[in-house]
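# Working through the structure, step by step
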Amino acid sequence: MTTERPLVLPGDTIPPHLIPSSTTKPLRLGPGLRHLPPSDIIPVVAGQLITNHQKNSMWVEYNNNRYLPTPGDLIIAQIHRSGPDFYYCSLSPYTPHATLPHLSFESATKKTRPQLQPGSIVYARVVLANKHMDPEVECVSQSTGKSDGLGELKGGMVFDVSLQFARRLLMAKSREEGKVEVLEALGAEGLAFEIAVGRNGRVWVGGEDPKAVVVVGRALKETDEGRLGVEEQRKLVRRLVKGMK
Amino acid sequence: MPLDTSTYGLALLRVDGRRWNELRRIHAQIRTQAAADGSSYLEMGHTKVMCVVTGPSEPGPRRGAAGGAAGGGGGAGGQSKDAEVVVNIVIAGFSSVDRKRRGRGDKRTLEMQSTLANTLAATLHTHLFPHSQINISLHVLSQDGSLLAALINAATLACVDAGIPMTDYVTACTAGSTSTYAANDEGADPLLDLNHQEEQELPGLTVATLGDSDRVVALVCESRVQISRLEGMLAVGVDGCKQVREILDQVIKAQGQKMILEGTVDKGTGLNDMDLD
Amino acid sequence: MPREAEPSLNEKQFVLQALQDSIRLDGRELEQYRPLELTFGDQYGVADVTLGKTRVLAKASAELTVPYADRPLDGIFNIATELSPMTSPAFEVNRPTETEVLISRLLEKTVRRSGALDTESLCLVAGQKCWSIRVDVHVLSHDGNLIDAACFAVVAALRHFRKPDTSMEGGVLTVYTPAEREPVPLSWLHSPFCVTWSFFGEDGDIAVLDATWMEEQVSSGSCTISLNKHGEICQIAKLGGVPVEAVSLLQCTNVALIKAKDMSSKLDRWLTEDAKRRDKGGLLAELSAENDRVPDI
């Protein structure tokens, strides 16, 4: 599927043999690439160029520190205050607030809606995000009306991770593609915890035992900051769990 | 040297004739200004302080983190769950021996404002008044040592006068030690309630406690002192705070009596043990 | 735009609850400091201190100036602190926040008022010329416990600093450049260190050393004790906050002494290491006229 993953810098020219060519499907460009008509594709960020020949798409994997809301992302938002029809919540510090409609929860009517206090956190999905308007989020799926795990997160603790690590955790094949095995290893050691990963760099960990939550948080932070490989992650988890006992 | 070693050792009297554990004369009055919600006037020896309390009232323009005057009290970021205690101290230029005019941004004054705000926020029931502000203004008319202690006591009295619910009195006083920092003499006495001369030459600390307990709300020590002297000074200071509390309590009760006699307040059922003549 | 990044209710409740079980987020003991690292700059008087993720840089500098009119026999010594937007967008340049004022006052009381630096030795000509020593403290990263890191940085910078050598002959004062004569260290009397305790809970019965930023947001009171390794307290500042038993405060002071001794020995070790590094060929070798590039024939 993917053979080469070269490092590209903004303005580099992409070797033509990397660009997937298919006569049936149009070429899809993901984040980090820009199309200059008529036929130039240049990367605009520094990162790894990934090409997917099956789906005929290509994009750049890059790490940045500021989260930019994109529709469809699952994020953890913190409620700041309540307005007449919306909650104003923050996705990342020192950015404009996103709006979360009061009724955007599963089976919520004007009388039975959940009352969220300022300072509480919710797991939400980004609905609308463009450079002209403040972002909007929702806690219920528009089409089905079900929350699918979105909504208020009670108890637990929130840890900050880098955006790239959050993306790796959220990947479907986190073990092969993302090289992240921390969570599985922690579960294998017998720790009982719940986890919600926000693409905006926040991870919520809930559980009965505060020690377990602290160990999970430390494991995530050290994997992220130390950029540990799969084997090192397993060693880290064993060390932390032993220290906990 | 306020403790001339030749005389102190003989009679154990300080320059103003006090023993080691005697407070100076404390004179206090409340309801000195009818216009304000609460007001008080306190003298500890020659240190004279006036205090005026306004509140709880509408909060002023939101200052956020980059504020000039000090604010205290708990509260979350955007909306305060508690009332904010804002303290303003004006030290008159004529209050000390040398006339000295202090600017608005004087760091020592800002630190005292912050200390006072945080000290009172520990006892005032600020959670009863969300989204509001309690303004405490203090004027120092004369300084003769124990300034921070006098400010705390005056602010407590004024808050009681204003009727702001509080857990207990916060009273403060200073304590010092006759030993210098270098000497490790066991025979050094702790001293209670330092005046200006003693404050300048001897190590001392200001301690504020909550009511009758031993719980310290504020402790400020700005001089060098041996760690072994600390326990004695702290014990004497805490004891002195209890004495101050008794005196302030008397003042409040006397004012209460006066108000009952004048008819402004009805005598309550719980006041049977008050002796009204 | 929100002024400050406020932690959520879940985080605050979790941290408090974990502390009640004596669990800290990074797995430390309640009385354990984060790893303290110190790097000296190439220039004399630059100290870069990291305490976990908190990073503080202190730079000491000297210039000749006229002494104050009311103190003709003393030199001038100033500490300037700056919390810039580099640490967090909540801070603005040139608008001192309450935190900045308190840190500045604490550093002044700890280092300046306690007489750590002998200001009389800074006087060159009584009433006319003296050294003005200035320490600039820049906070590069704020993850809690700025005071301890800043104080350590200031003391390290001052002990590391070398001022130009001077001599008085007749009425003439000569100041030598570093190329003419080796700069001399400052006249240092004692090294004070700050130890900050944070109190948690309604009655302040949980006391913790070296709180991170998250722990500071949840704390209900704090007390900073400055002392040197000889057991002399330079200042104590518990500026309000939750009332704490007097006995607990005394215990805190005793533990603070142990930590101060620990910090003092670490600083001594780093200073000697740095002196050895600078002195690699031996000072005499530098000043000698031998040329070691001449091959032995």
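Residues numbered from 1 in each chain as written. Chains lettered and ligands numbered in written order. Predicted model: local features only at pLDDT ≥ 70, side-chain atom pairs only at ≥ 80, totals over all residues. Heavy atoms only, no water.

Chain C appears in an unreviewed UniProt entry as Exosome complex component RRP45 from Triangularia verruculosa. UniProt's Sequence similarities (unreviewed entry) comment on chain C is quoted here verbatim: "Belongs to the RNase PH family." (UniProt positions renumbered as here; feature names shortened; annotations may be inferred.)

The name that an unreviewed UniProt entry assigns to chain A is Ribosomal RNA-processing protein 40, with the source organism given as Triangularia verruculosa. Its UniProt record gives chain A the following Sequence similarities (unreviewed entry) comment, quoted word for word: "Belongs to the RRP40 family."

## Looking at the overall build of chain C
Tallying secondary structure elements over chain C gives six helices and 15 strands in all. Taking all 297 residues of chain C together, the buried fraction comes to 51%. Considering only intrachain contacts with a sequence separation of at least 6, the fraction spanning at least 24 residues in chain C is 70%. Accessible surface computed for chain C: about 13,900 Å², of which carbon and sulfur atoms make up 50%. Across chain C, the 31 positively charged side chains and the 44 negatively charged ones have centroids separated by 2 Å. (Helix = DSSP H or I, 4+ residues; strand = E, 2+ residues; numbered from the N terminus. Buried < 20%, exposed > 50% of the residue type's maximum accessible area, 1.4 Å probe, protein only. Contact = heavy atoms within 4.5 Å. Areas by Shrake-Rupley, 256 points an atom, 1.4 Å probe, with all protein chains shown as cover. Lys, Arg positive; Asp, Glu negative; His and termini not counted. Charge placed at Lys NZ, Arg CZ, Asp CG, Glu CD.)

## A short note on the sheet that holds strand E15 (residues 202-206) of chain A
All names here are of chain A. Across the sheet, three strands lie side by side as E13-E15-E14; this open sheet has antiparallel pairing. The open sheet is flanked by strand E13 (157-160) and strand E14 (194-198), the only strands paired with a single partner. The sheet shows a mean angle of 20 degrees between the axes of neighbouring strands, direction not considered. (Pairing = 2+ DSSP bridges. Axes fitted to C-alpha atoms, helices over the stretch in contact; angles between N-to-C directions.)

## Details of the packing of aromatic side chains
Residues and elements named next belong to chain C. As enumerated under the stated definition, the model contains two aromatic pairs over all chains in all. With a centroid separation of 6.3 Å and 80 degrees between ring planes, the pair formed by Phe-152 and Trp-270 is classed as edge-to-face. Taken together, the residues Phe-152 in helix H3 (residues 146-160) and Trp-270 in helix H5 (residues 246-278) connect sequence positions 118 residues apart. Taken as a pair, Phe-152 and Trp-270 share a single burial class, namely buried. An aromatic cluster is defined as three or more aromatic residues linked by ring pairs; in this entry it consists of Phe-152, Phe-193 and Trp-270. Cation over ring: Arg-269 sits above Trp-270, and NZ or CZ is 5.6 Å from the ring centre. A cation over an aromatic ring shows up here: Arg-278 above the ring of Tyr-44, its NZ or CZ 4.4 Å from the ring centre. (Phe/Tyr/Trp six-rings, centres within 6.5 Å; stacked < 30°, edge-to-face > 60°. Lys NZ or Arg CZ within 6 Å of the ring centre and 35° of its normal.)

## Some words on the UniProt feature "domain: Exoribonuclease phosphorolytic" (unreviewed entry) in chain C
Residue and element names in this part refer to chain C. Per the UniProt annotation, the sites labelled "domain: Exoribonuclease phosphorolytic" (unreviewed entry) are residues 32-164 and 191-257. When the span residues 32-164 is considered, its composition is 23% helix and 37% strand, and the gap between its end C-alpha atoms is 40 Å. The span residues 191-257 carries 27% helix and 42% strand; its end-to-end C-alpha distance comes to 13 Å.

## Description of the interface of chain C and chain B
Taken together, the contact between chain C and chain B spans 41 residues of the former and 37 residues of the latter. Overall, the association of chain C and chain B removes approximately 3,400 Å² of surface from exposure, summing both partners, and the carbon and sulfur fraction of that is 56%. For Glu-222 of chain B, the salt bridge is made with Arg-105 of chain C, and the minimal N-O distance between the two is 3.8 Å. Within the residue set of the side of chain C that touches chain B, elements represented by two or more residues are helix H2 (98-113), strand E14 (232-238), strand E15 (244-245) and H5 of chain C. Among the residues forming the side of chain C that touches chain B, the class breakdown is 17 nonpolar, 12 polar and 12 charged. As judged from the two bridges shared by strand E11 (residues 225-226) of chain B and E14 of chain C, these two strands associate in the antiparallel manner. Residue pairing for E14 of chain C: Gln-226 of chain B is matched across the bridge by Glu-232 of chain C. (Buried area = accessible area lost by both parts, 1.4 Å probe. Salt bridge = Lys/Arg side-chain N within 4 Å of Asp/Glu carboxyl O. Nonpolar A, V, L, I, M, F, W, Y, C, P; charged D, E, K, R; others polar.)

## Regarding the interface of chain A and chain C
If you look at the interface, chain A gives 24 residues, while chain C gives 24 residues. Surface buried jointly by chain A and chain C totals about 1,900 Å² across both partners, of which 67% is contributed by carbon and sulfur atoms. Interface area lost by chain A to chain C is led by Tyr-94, Met-157 and Pro-210 of chain A, which between them contribute 37%. Where chain A meets chain C, there are one salt bridge. Connecting chain A to chain C are five residue pairs in polar contact (both at pLDDT 80 or more). Put simply, the parts of the chain that give the side of chain A that touches chain C at least two residues each are E13 and helix H3 (210-226) of chain A. A total of six residues in the side of chain A that touches chain C trace back to one element, the largest contributor, which is H3 of chain A. Looking at the side of chain A that touches chain C, its residues break down into 12 nonpolar, eight polar and four charged. (Polar contact = N/O pair within 3.5 Å; in protein donor to acceptor, adjacent residues only side chain to side chain.)

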